[in-house]
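# Structural description and commentary
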Amino acid sequence: MLRYKVRIGITEKILFLIVLKKTQRLGIMEVFVLRIEDPGCFWVTMKGCGPHVVDEIEYKKLNAEMNQFYDKACEDEVKPITLEKDQLCVVFSEELKCWCRAVVKTIMYCADHYQIECFLVDYAKYVFVKSKDVRVAVEEFMQIPFRAKKCGLYRTKPVTLHVNLCEDTAKIVPAKRWDNAATRYFQSLLEATTQIKAKLCSVEDDTFHVILYVTIEDEKVCINDDLVLKKFAHFEEAKENVQSPTKEQDNQTSLNVDSPPVEIVNPALAFRLVWLQEKVPMKLEAGHTASSSSLEKTYKRSNMDLNENNESRSQNLRERSFVFLSNKIEPTSILEKAPLHDNLKKELAQDKFLGPNFAESYSWPAIARGCDVLTISYQGNDPFLYIPPVLAFLQMENCYKALPKRSGPLVLILCPGWRKAQLVFELLKKYSRCSRLSCPMLIILGKKKEEAETVKIQGCDIIVTTPYSLLRLYKYHLSLFSGLCHLILDEIEVLFSEAAEQVSVILGYYKKNLINEEWKYSPHQIIAVGTQWNKHIGILKEFMNDPYIVITALEEASIYGNVQQVVQRCVSSERTAVLLKIMDFTPNNLQKVLVFTNSIDEVEIVYKALKSDSIFVFKIHKEMEFNFKDFLEHWTRSYSSGSHVVLVLTDDCMQFLEITDASCVIHFSFPSSPTIFGQRLHSMSDNFHNMIKDSSDQDHRQARSFIMLTENSECHTVGILRYLERAEADIPPGLAGVLEAEEKKKSARPLCTYLKMFGTCKNRTVCPDRHQINSQIDMLQNMASKTIQTSGYVTVLPLHVVNATNYFGRIVDKQKDQYMILAEEINEYFKETSNRVAAQKVEKLALYGFCEETVFHRVQVVETSSKEEGNFNIKIKYIDEGRTSPARSSQLLHLPARFQHLPPQAVEFVVCRVKPIDNDTEWNPRVTRYIHQKIERKPHEAKVVLTLGNTVWIDPMVRVTRLSDLKMYVNEYSVRSEILSTGLGTDNPEHILQLQKLCEHVKLSHTKNLEPLSIKEDAASPENVSALQDVSLKENSSENCNSSEAIMGSHLCDGVAQTKEAEDSSLHQQKCFYPKIKWFENEEAVTVKVRIARIADYKCEFSKEKVIFSACSEGRFYLADMELYQCILTEKSACVIKDKEAIIVLRKEKKGAWCKLLKNKNPHVSFDFEYWEDDEDKSPFPVGTKKLHCTAAVTEELVDFSEDSGAESDE
C-alpha cells in the first residue's frame, strides 16, 4: 500500500475549479436544504442534471468505498504528517458512524493530542474529532464534487434599524450581518414548504448565488422578494435600474450597496433597535474606493464585524464591533461553529439560544483552547461568558490523564456573593447534564467550623463558591487545590474591591500547586471576567501565562491601556481658546491628534481656528468631499519630533476612517453617550499600554484624552467623575461638590434600603435612592390617632419578614389595641354574605376589603395591569401588615367608610447592629428562613432607637416568655443573637453611629428624644416611669387585693423594674441626684457602671457589705449609697473613670452568681443585658440554656413583688 505524504489543501481548490468553470445561468432545479446559518449562507444538495450535480447513488457508492478502504487501511499509512486550517481530509463521524470527507476548521491543543473541529463537506455538519481519527484524503475519493453546496440569496442583502437618538428618528439601512429575526423567518419558510427550487444566477468563490422558490400550501413564493417585502432585506441595486432579481437583465454585472432609507416617524415603535453610525455619503465613499487598497494595508482591523442586532440574549447597544485584543482571535458568532460539543449545542438550541454575543464570540474560542483569558465587557457579569466553553473543555478526558490522584475539583469558580454563586450553580447544574465529567457543587459556608468540617468534596469536578467560603473550607481540606486545573474569577472587579486580600491568597495557593513536577503536562487555566477594569486586576499578570485579553467595553479598554485623562473646565464660548492652549504643548514625539465635534458648524469653527494658528490640520464631515488619499499620505508620513497632524471630524466619520494609531484625542464637544466616548478613545488603541503583558512602563502615558467640560455637559458630570476616579485622573477643583448636588436631586426618592439596614450604602453614586434625611418625607405618620413611639420600649408583632433584619408588622398597644377591635368588626361585618359587595370601580390607591382564606383584610390597590372593564390583574398591599400580593380585580370588596378611618397600621422594623458576613449586602436565605420561622406573628419586646417616617429602628428585640408558676418573665431569645448564632451574620457596631450621623444636621421634631442616639436606657425618673406604663407587662394576683405590676421597661431589655416604694423614694431625691447604674457579673467579680457625664470630682468608699459612690458633674451632686446583696473583698475592689461613666469592680468574697446587686430594690439600678448579650454571643454553650440561667439570676430585679415584697425596706 502506498504511503501518502501530501500537504492537503490543493485538492479542494481543484475540485472547486471544476464547478466554477460553469458560471452561465442555468434553469431552475430542485434542492434540499441541509443547513441554514442565514439567508446569505446555507447549504443544499441539488437534484437534477448539470456539471455540478451528482446522483445520490454515486455518493452512496463513494461512501461505501471510503469506509471499506479506511477501515482496512493501516493507520500509519493514511495518517497525515501535518494538519492546518482549511485542509481537506477524511474523518470518522461518531454520529454518522462512517468515514466522511471534511475540511479542517480549527485545531485545539490538549495535553497529549489535538482536538480538531471539522466541517463535513457532504453533510454540512460541524464535528469535533481527535487528531488520531483524521486520515489523508486519497485523490480517488476526491473526484466527485462535494454533496453540500454553499448558497446565498442572489443580490438580496440584509438591512437593520438605525436609531438616531439625537434626532429622534429611525431608518432602515443596509447592514453587514443578517438580523436574527430575518434568519428565523427564512427558516420558517423553508420548514413550511413542500418543495424548494433554486435558480442559479452566479458563482463567486465557493458560493452559489441563487433565487429561491418555495411552494407553501400550493402557492409558489420567491423568498428573495418575500424577505424584501417584509423589510428583512433589500435588493442590491444596479447602477441604472432598480428591480427584483427575478426581473433583472442578464447583462447587469455592476452592483451598488446604496439603498434609500425608510423613515419611521416614532422610533419607539421600532422592535429591532440597533446602534449604527450614519451611512457615509457617495462623495466620501468615492474617495474611500480610490485608495481602498492602501487603507486596508495600513489600517487592517483586528476583528470581524459581527451581528449587532437584537437577540434573545440582547447584546448591549453600547457594545459595537470594536474590540481591544492582546492576541488575534478568530471570533465565532454562530452556535453551530462554536467550539462546543454537539450535546451542549443541542441543549442550548432547545433553550432558544441563538448564538454567542459579541464578547462571547471572542472569549469562547480562547477559553475552549485552554488559554488564560481576561474579558471585560458590558455583559461581563453573564456566566455564559465562560460556562459553555469550560464544559466543552472538560469533555476532553485525555487532557486530564496526566493528573495525579486528586481529592479536589478540576474547576473552581469564585463569585462575589452567595446570590451570584447560586445563579452560576443553577446554570452549571442544567447544562452539565449533557456532559460526562462535570459534577457541580455549591459551597456557601458561615463562620461555624462544623459546616466546613462536614463538607465532602470527593468526586466533585466543579466547585462554585465565594472567596471567604473557600478559605474557610481550605482550613479543613488542605488538598483542595491538588487537582485544580481551571480557576475562574467571576465579576473580577467586585472580587478585588470586596475581597482583594482573600483573592490574592487563593491565587497564591493555586500558583504554589503548579510548581510540582507532576503538573507539567496537565492543563492549567485562569479565566477572569468582569464589566469594569480597575488597578487591582493588574495583579493577575503574576499568575497568568500569555493571557488572551478581550475588552469590548472601549472606555474600559482606555483605563486598561493607561490613557491619560485630562479635564478642562470652561464655558462653552471659551472652548476654542482652551483648544489652542492644549495644542501649544511641545511633545517629545509626533502627535497625531483627533478633535471630535458634534456638528458640522463646530468642525468649521475648529478648523479655521487651528488653521489660523499655523497648525497642519484636516477636516472631515458627511457633507463635504474629502481627499482621502492626500490625508492618508500625510497621516502615515514620518515627521520630525514635535510635529502635529490634526484631523477635525464628527463622530459619524469614525467607523469609516478606522483610525487606531492616534496619540491624542480632544473632545471639543462632549460625547453624547458612553459608546461614542469609547469609540473616540478606540482611535488610540495602538498606543494603549498592555498592562498584563508588558512589564515596562515606557511611554505608557503617550495616549492622552482631553475632555472639555462646559455648562452644557453638566448632566454628564457625575458619570465622568466616576470614570475619572477609576482612571486615577486628576479631578479639577469644583467637581468634588457635584456628587453632593446630585444627591440633593434624589430628595423625593425613598430612603436607601441598604442605608436603613446596615447604616451605609456601598454604591451611593449609582444607587437611585436617597441617602439624606428629608424632613418633609421623614416626618412621623399618624397611627391609631397618635404618633409612632420615638423612644422607649414597645411590643412589636412581625407580620411580614422581608429578610433577617427587616420586617413589617404592628406596634401592639397593650392597654387598648384599636386595630384588634377594628379587625373583629371587619370580619364580623363580612361574615354576612349580603355585605360582601364586589367593588364596582377599581382605582389605584383606593382601599377595599379582601378575603384571604377565611380572614378579611383592608387592602390598597398599588398597581393595575389594565384599565379595561371586567376582571383583570392587580397588585394589592395589606395596609395593616405591610406585605403585597397579586390578585384579581373581581376579588375586591367594597369597604365601608367606617372601616377606613383608622390609619394604616403596618410599620417597618429594622433590627440594628448586625449585618451579613463577608461584606455581602444581602442576607443569605438560610438565615432569613430561620428568623422567619422563629418570629413571624409572635409578639416581641423591643427598644426604639430611631423613628423616621414609617420606619422604626429597634435594638434589642427580644422574645419574652412568662413563667406562670414562678410569676416571672424570662428572655427566650434575642433576635440579634439568633442571627449571630447561625454563623451567617456578624457584628455591625457602626450601624447606630451612622444613623446618628444621618440625623445630626436635620432638626426633626421627633429626634430631640434621641440625644444621644444610643442603645442605653433613659434614667427611670418619675416621668419615664409613667411613659413606660404603656409597654408594661402586668400580673394580677388573686391572693392580694393590691395589684402587682411588672414594669418591664421595654420588655425586660434592660431589666428595669420598680416597686411603688422605690418610685416614692426617688421623688425625695431632688437636691442629691441618684445616678443611673448598670451591673453585670462573672463567677469572681461584679462590674458596676455608674453613668455620669463629665465627672469633675468623685469619691468611692468600699466596705464589706456596702459601697458609697459620690461625684460632681456640671453643678449637680450625685450620690449612690449601695447596700450589697453579698459581701466583697474591699482590698481587691477598685473604681476607675472611663469616658462618660465610672466603672467599679467588686471582687466577690465567695465565688458564685448573685441574683441581684442590692439587698433593696432601686429604680435606678438595672442588670446590663447589653453586656450579657455580647458575652453570650461568644459563649460555646447553647444559647437557650444560658439565657434562661442569666435571666433567672436577676429575676428579682425584673419582676414586681408579691405579698412577700413587703419584707424589703426602702432605699
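So, here's what we can say about the structure. Because the structure is predicted, anything quoted here is derived from the model rather than measured. (Residues numbered from 1 in each chain as written. Predicted model: local features only at pLDDT ≥ 70, side-chain atom pairs only at ≥ 80, totals over all residues. Heavy atoms only, no water.)

### Brief notes about the sheet that holds strand β53 (residues 1141–1148)
Inclusion rule: If DSSP finds at least two bridges between two strands, the strands pair. Secondary structure is summarised from DSSP: a helix means a run of H or I of at least four residues, a strand means a run of E of at least two, and numbering begins at the N terminus for each. Here, axes are lines fitted to C-alpha atoms. For helices the fit covers the stretch in contact, and angles between N-to-C directions go from 0 to 180 degrees.
Overall, mixed pairing links the 5 strands, which are arranged β52-β53-β48-β47-β54 in an open sheet. A strand with exactly one partner marks an edge of an open sheet, and here the two such strands are β52 (1128–1138) and β54 (1165–1167). Recorded for the sheet is a direction-independent mean angle of 20° between the axes of neighbouring strands. In this sheet, β53 lies alongside strand β48 (residues 1085–1091) in antiparallel orientation, the contact comprising 7 bridges. By the bridge assignment for β53, Thr 1087 is matched with Val 1145.

### Things to note about the sheet that holds strand β16 (residues 324–325)
Strand pairing in a sheet relies on backbone hydrogen bonds. The paired strands run either parallel or antiparallel. Put simply, the rule is: Two residues qualify as a contact provided that any one of their heavy atoms is within 4.5 Å of a heavy atom in the partner residue.
Spatial ordering of the open sheet is given by β16-β23-β17-β22-β21-β18-β20-β19, a layout of 8 strands whose pairing is mixed. If you trace the sheet from one side to the other, it starts and ends with β16 and β19 (440–443), each paired once. Across 2 bridges, the pairing between β16 and strand β23 (residues 548–551) is antiparallel. Looking across to β23, one finds that Leu 325 is bridged to Val 550. Packed on one face of the sheet, helix α11 (residues 418–431) meets β18 (411–414), β19 and β20 (462–465) and runs near 165° to β19. Across the sheet, helix α15 (residues 500–514) lies against β18, β21 (486–489) and β22 (525–530), angled at about 160° from β22, the strand it touches most.

### Some details on the environment of Ser 672
Rules: Exposure is judged per residue with a 1.4 Å probe applied to protein chains only, and the accessible area is read against the type maximum: over 50% gives exposed, under 20% gives buried, and values in between give partly exposed.
Here Ser 672 is to be found in the loop between β28 (664–667) and α21 (674–682). Judged by relative accessible area, Ser 672 falls into the partly exposed class, the value being 40%. Spatially, the C-alpha atom of Ser 672 lies 8.2 Å from that of Asn 598, the residues being 74 residues apart in sequence.

### Some thoughts on the packing of aromatic side chains
Test applied: Aromatic rings from Phe, Tyr and Trp, with only the six-membered ring used for Trp, were paired whenever their centres fell within 6.5 Å, and each pair was classed as stacked if the ring planes differed by under 30 degrees, edge-to-face if by over 60, and tilted otherwise.
Enumeration according to the criterion identifies 30 aromatic pairs in this entry. Here the aromatic rings of Phe 69 and Phe 141 are separated by 5.5 Å at their centres, their planes lie at 65°, and the arrangement is edge-to-face. Of this pair, Phe 69 sits in helix α2 (residues 56–72) while Phe 141 sits in the loop between β7 (134–136) and β8 (149–153), placing them 72 residues apart in sequence. Judged by relative accessible area, which is 9%, Phe 141 ranks as buried. Pairing Trp 1079 with Phe 1167 gives two aromatic rings, centres 5.1 Å apart and planes at 90°, and the pair type is edge-to-face. With a gap of 88 residues between them, Trp 1079 in strand β47 (residues 1076–1081) and Phe 1167 in strand β54 connect regions that are remote in the sequence. Neither Trp 1079 nor Phe 1167 differs from the other in exposure class; each is buried.

### What about the pairing of strand β34 (residues 847–852)?
Alignment of β34 against strand β35 (residues 855–864), held across 6 bridges, turns out to be antiparallel. Bridge assignment links Glu 852 to a residue of β35, and that residue is Val 855.

### Here's the deal with the pattern of salt bridges
The criterion, for reference: Salt bridges are counted wherever a side-chain nitrogen of Lys or Arg sits within 4 Å of a carboxyl oxygen of Asp or Glu.
Under the definition given, this model contains 41 salt bridges. Between Asp 351 and Lys 430 there is a salt bridge, with the nearest N and O atoms lying 3.0 Å from each other. On the criterion of sequence distance, the pair formed by Asp 351 in the loop between α8 (342–350) and α9 (358–368) and Lys 430 in helix α11 is long-range, its members being 79 residues apart. A relative accessible area of 31% means that Lys 430 is categorised as partly exposed. Residue Glu 828 is joined to Lys 831 by a salt bridge in which the shortest nitrogen-to-oxygen separation is 4.0 Å. With Glu 828 and Lys 831 both in helix α25 (residues 818–831) and 3 residues apart, this pair spans about one turn of that helix. Glu 828 sits in the exposed class, given a relative accessible area of 52%. By sharing partners, the salt bridges in this structure join Glu 852, Glu 881, Arg 883 and Arg 937 into a single network.

### A word on unusual backbone geometry
For the bond running from Asp 955 to Pro 956, omega is -5°, close enough to zero to count as cis. Among the secondary structure elements, Pro 956 is positioned in strand β41 (residues 951–963). The phi torsion at Lys 352 lies on the positive side, around 65°, for a residue other than glycine. The topology assignment puts Lys 352 in the loop between α8 and α9. Residue Lys 352 is classed as exposed on the basis of its relative accessible area of 63%. Although it is not a glycine, Arg 913 adopts a positive phi angle of roughly 65°.

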